[in-house]
Amino acid sequence: MTETSDRGDFARFFATWIRHPLKLGAVAPSSPAYCRTMVEAAATGIEGPVLELGPGLGVVTRALLDKGVEPSRITSIEYEKSFADVLKTRFPTVNVVEGDGFDLDKTLGTAPKTRFAAILFAIPILNMAQAQRQALFTRYFERLLPGGNLTQLSYLPTAPVKPVPGVFTVSSSPIVWSNIPPARVWIYSQDTGPRAAGAR
Ligand SMILES: C[S@@+](CC[C@H](N)C(=O)[O-])C[C@H]1O[C@@H](n2cnc3c(N)ncnc32)[C@H](O)[C@@H]1O
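Only a predicted model underlies this, so the values are computations on that prediction, with no experimental measurement involved.

Trainee: Any chance you could explain the packing of helix 3 (residues 32-41) against helix 4 (residues 59-66) here in plain terms?
Mentor: To describe two helices that pack against each other, one gives the angle between their axes and the distance between the axes. For the pair helix 3 and helix 4, the least separation of the axes is 9 Å and the interaxial angle reads 60 degrees. Put simply, helix 3 runs oblique to helix 4. Handedness of the helix 3/helix 4 crossing: right-handed. Here helix 3 contributes C35, R36, M38 and V39 to the contact with helix 4, which in turn contributes V59, V60, A63 and L64. When its residues are assigned to classes, the contact of helix 3 with helix 4 shows 7 nonpolar, no polar and 1 charged.

Trainee: Sorry if this is basic, but what is going on with the layout of surface pockets here?
Mentor: Any empty space left between atoms is shown by rolling a water-sized probe over those atoms. By volume, the second largest pocket is sized at about 430 Å³. D6, S30, S31, P32 and V59 are, among the 19 residues lining the second largest pocket, the residues nearest its centre. When residues of the lining of the second largest pocket are traced back to their parent elements, those giving at least two are helix 1 (3-19), helix 3 and helix 4. Across the lining of the second largest pocket, the residue classes break down as 9 nonpolar, 4 polar and 6 charged.

Trainee: I'm lost on the nonpolar core in this one. Help?
Mentor: By size, the foremost hydrophobic cluster in this structure holds 24 residues, and its most contacted members are V60, L64, L120 and V185. Of all the elements in the fold, those that place two or more residues in this core are helix 3, helix 4, helix 5 (81-90), strand 4 (116-121) and strand 7 (184-190). For this core, the element with the highest residue contribution is helix 3, accounting for 5 residues. Ignoring anything within four residues of it in the chain, the contact list for L120 reads M38, V39, A42, V50, L51, E52, L53, V60, L64 and T151. Within the second largest apolar cluster, 23 residues are counted, among which are I119, F121, F137 and Y140.

Trainee: Where do I start with helix 3 in this structure?
Mentor: Given 3.6 residues per turn, any residue in an α-helix points the same way as the ones three and four places further on. Those residues of helix 3 that fall on the buried side of the exposure criterion are Y34, C35, M38, V39 and A41. Each buried residue of helix 3 lies within a common arc of 165 degrees when the element is viewed along its axis, so the set occupies one face. Of the exposed residues in helix 3, those oriented more than 90 degrees away from the buried face are P32, R36 and E40.

Trainee: I tried to follow the pattern of salt bridges on my own but got confused; where do I start?
Mentor: Where charged atoms from two side chains of opposite charge come close, those side chains can pair. The final tally for this structure, using the stated rule, is 4 salt bridges. For the salt bridge of K81 with D85, the shortest nitrogen-to-oxygen distance reads 2.7 Å. Linking K81 with D85, this pair stays in helix 5, spanning 4 residues, or about one helical turn. Here D105 and K113 are joined by a salt bridge, their closest N and O atoms 3.4 Å apart.

Trainee: Any chance you could explain the environment of I74 here in plain terms?
Mentor: Take I74: it is sitting in strand 2 (residues 74-78). Considered as a pair, I74 and G147 are 73 residues apart in the sequence and their alpha carbons are 18 Å apart. Setting aside chain neighbours within four positions, we find I74 in contact with V50, L64, L65, V69, V94 and N95.

Trainee: Honestly, the sheet that holds strand 7 in this entry has me stumped. Any pointers?
Mentor: Sheet strands associate in pairs through backbone hydrogen bonding, adopting either a parallel or an antiparallel arrangement. Spatial strand order, 3-2-1-4-5-7-6: 7 strands in an open sheet with mixed pairing. With partners counted over all chains shown, the strands left at the sheet margins are strand 3 (95-98) and strand 6 (168-172), one partner each. Strand-to-strand, the axes of this sheet are offset by a mean angle of 20 degrees, without reference to chain direction. Examined bridge by bridge, strand 5 (residues 144-154) and strand 7 share 6 bridges and lie antiparallel to one another. Bridge pairing in strand 7 links L153 to V185.

Trainee: I keep staring at the environment of F14 and nothing clicks. Help me out?
Mentor: Take F14: it is sitting in helix 1. Along the backbone, F14 and P29 are 15 residues apart, and their C-alpha atoms lie at a distance of 8.8 Å.

Here is what the cut-offs are and how they apply
Residues numbered from 1 in each chain as written. Predicted model: local features only at pLDDT ≥ 70, side-chain atom pairs only at ≥ 80, totals over all residues. Heavy atoms only, no water. Axes fitted to C-alpha atoms, helices over the stretch in contact; angles between N-to-C directions. Helix = DSSP H or I, 4+ residues; strand = E, 2+ residues; numbered from the N terminus. Parallel < 35°, antiparallel > 145°, perpendicular 65-115°, else oblique. Left-handed = near helix turned anticlockwise from the far one by under 90°. Contact = heavy atoms within 4.5 Å. Nonpolar A, V, L, I, M, F, W, Y, C, P; charged D, E, K, R; others polar. 1 Å grid on protein atoms, 1.4 Å probe; cavity = no way out; pocket = protein on both sides within 12 Å on 5 of 7 lines; lining within 4 Å. Points joined across faces, edges and corners; volume = space filled by probe spheres on them. Core = buried A, V, L, I, M, F, W, Y, C linked by side-chain atoms within 4.5 Å. Buried < 20%, exposed > 50% of the residue type's maximum accessible area, 1.4 Å probe, protein only. Arc of directions from axis to C-beta. Salt bridge = Lys/Arg side-chain N within 4 Å of Asp/Glu carboxyl O. Pairing = 2+ DSSP bridges.

Here you go:
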């Protein structure tokens with residue numbers, strides 16, 4: 001992206017934030033370094049489709065493509081129509097879906113349920129209770145392939161979603177100081193410990 005379109009995206013993002021602060025959850029798109037950190041942490045190296053939730057104007061989508069992830073592998077679900085329209089024009093070979101990333105069965109359909117190598121999650125969830133967040137991520141883990149993971153953009157100093165024993169564990173990247181505000185990538189991995197389903 002050029003500096004001019006970066007500024008244009010910043011203005012568009014900020015204007016949308018003024019109208020829907022809770023839905024957007026950030027005043028500006030994530031920085032390139034932060035997007036790279038997110039993509040490096042995502043399990044895109046295993047075979048299978050990749051799901052992006054809350055792509056905004058596509059900064060993480062761009063980082064996925066820059067890493068060499070084939071556009072045909074990527075599904076990006078964005079709730080805000082004006083953003084989804086931009087994404088469809090900007091990334092014509094990515095599967096951009098305008099819809100609710102919290103309800104994958106409704107947005108993607110139930111039969112057959114697609115399972116993903118990686119889910120890159122950027123939807124604000126701070127207004128949800130912890131138990132709701134854990135239930136949401138447990139549902140996402142049902143959509144992951146073996147070895148797949150979920151990565152989350154968040155500026156909270158502690159894990160926004162606490163581990164669910166037998167389902168997922170949590171770790172994080174170092175803080176990326178160039179982001180506004182500085183933030184970490186939270187990495188949720190399948191729990192293969194003794195409480196995991198099928199483990200002995
Ligand atoms: C914090 S912004 C992140 C945008 C971009 N990924 C970035 O890092 O700059 C959150 C995005 O999630 C979108 N969003 C909010 N609720 C959503 C939902 N239920 N389903 C899908 N996207 C949603 C917002 O419209 C916004 O684009």
